[in-house]
Amino acid sequence: MTDPRTSEPGLPEAPDGVLGDFGVLLSTVTLLERIAGRELERRCGIRHAAFEVLLRLSAADRPVSMGELADELILTSGGMTRLVDRMQDAGLVARRAAPGDRRGRRVELTGAGRAKLDEAMRVHAETLRRHFAGPLPEDGRRDLVESLRTLREHARAELDLR
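A short tour of the structure in this document, coming up. (Residues numbered from 1 in each chain as written. Predicted model: local features only at pLDDT ≥ 70, side-chain atom pairs only at ≥ 80, totals over all residues. Heavy atoms only, no water.)

Turning to the overall build of the protein chain, a few remarks are in order. For the protein chain, the helix and strand inventory stands at six helices and three strands. Put simply, the protein chain runs from its N terminus to its C terminus through helices and strands in the order α-α-β-α-α-β-β-α-α. In terms of overall dimensions, the protein chain is more spread out than a globule: its C-alpha atoms have a radius of gyration of 19 Å, far above the 15 Å expected for 162 residues. Of all 162 residues assigned to the protein chain, the portion counted as buried reaches 27%. Across the protein chain, every contact between residues at least 6 apart in sequence was considered, and the portion connecting residues at least 24 apart equals 45%. Of the accessible surface of the protein chain, which amounts to about 11100 Å², a share of 54% is contributed by carbon and sulfur atoms. Taking the average place of the 27 positive charges on the side chains of the protein chain and the average place of its 27 negative ones, the gap between the two points comes to 7 Å. (Helix = DSSP H or I, 4+ residues; strand = E, 2+ residues; numbered from the N terminus. Rg over C-alpha atoms; globule rule 2.2 N^0.38 Å. Buried < 20%, exposed > 50% of the residue type's maximum accessible area, 1.4 Å probe, protein only. Contact = heavy atoms within 4.5 Å. Areas by Shrake-Rupley, 256 points an atom, 1.4 Å probe, with all protein chains shown as cover. Lys, Arg positive; Asp, Glu negative; His and termini not counted. Charge placed at Lys NZ, Arg CZ, Asp CG, Glu CD.)

Closest axis-to-axis distance for the helix H2 (residues 48-60)/helix H3 (residues 66-73) pair is 11 Å, and the angle between their directions is 120 degrees. Considering the angle they form, H2 stands oblique to H3. Relative to H3, the crossing made by H2 is right-handed. Contacts between H2 and H3 pair Ala49, Glu52, Val53, Arg56 and Leu57 from the former with Leu69, Glu72 and Leu73 from the latter. (Axes fitted to C-alpha atoms, helices over the stretch in contact; angles between N-to-C directions. Parallel < 35°, antiparallel > 145°, perpendicular 65-115°, else oblique. Left-handed = near helix turned anticlockwise from the far one by under 90°.)

Here we take up the nonpolar core. Formed by 24 residues in total, the largest nonpolar core has its most connected members in Ile46, Val53, Leu54, Leu57, Met80, Met87 and Val93. Those elements that place two or more of their residues in this core are helix H1 (17-44), H2, H3, helix H4 (77-89), strand S3 (101-109) and helix H5 (111-133). Per-element accounting of this core gives the leading share, five residues, to H2. (Core = buried A, V, L, I, M, F, W, Y, C linked by side-chain atoms within 4.5 Å.)

What follows concerns the pattern of salt bridges. One pass over the structure, following the stated rule, counts 14 salt bridges. Across the pair Arg38 and Glu39 runs a salt bridge, and its minimum N-O distance is 3.1 Å. Here Glu146 makes a salt bridge to Arg149, at a shortest N to O gap of 4.0 Å. One end of the pair is Glu146 and the other is Arg149, both in helix H6 (residues 138-158) and three residues apart, which spans about a single turn. On the basis of relative accessible area, Glu146 is assigned to the partly exposed category, the value being 44%. A single network of salt bridges, built from pairs that share partners, joins Arg38, Glu39 and Arg42. (Salt bridge = Lys/Arg side-chain N within 4 Å of Asp/Glu carboxyl O.)

What follows is the structure, given as C-alpha cells:
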C-alpha cells in the first residue's frame, strides 16, 4: 500500500516523501484554482485572470501601467494586452495615456469594473468558503495558513523579494 502523502493518482510513487508532499500542495492549489476560475466564469462571466486584474487595479487605487500588471500576473506583454483588450471591450477597464510617455498606457477600473469586482468578490468568497474552508476544521485551516505564511516568507527571503 502506498503512503498517500508520497504519491498522486496517476503518477509514480515519489522516491522521497518531500517530493510527494510538494506534489500534493501543487495539485491541490491547481484544483482549487480551477474550481474558483470555473465559478467566476460561470457565475460572473469573467476569467480568473480578469478577476486578478480587477483586484490589482482596485488595490492600487490609481491607473497602473500595462507592464506593472503583466509583471504582477506573470504574463507576457502580449498576453496582458489581449486580456486588457477584452476587459476594455467589456467596459471593465479603461486605458489612459501615461503622463510624460507618448507610448505608455495606464489601465484603470471603470464603474462597471468596480461593480463586476464586487460581484466577483462575493462569488469568490462563497466558492472559497465551500471548497477551501469547508472541508477543513477551523483549527486545521488556521494551522495550514500559518504554515503557508511561513513558507511564503522563506521563499520571499530566498528570492530577495522582501
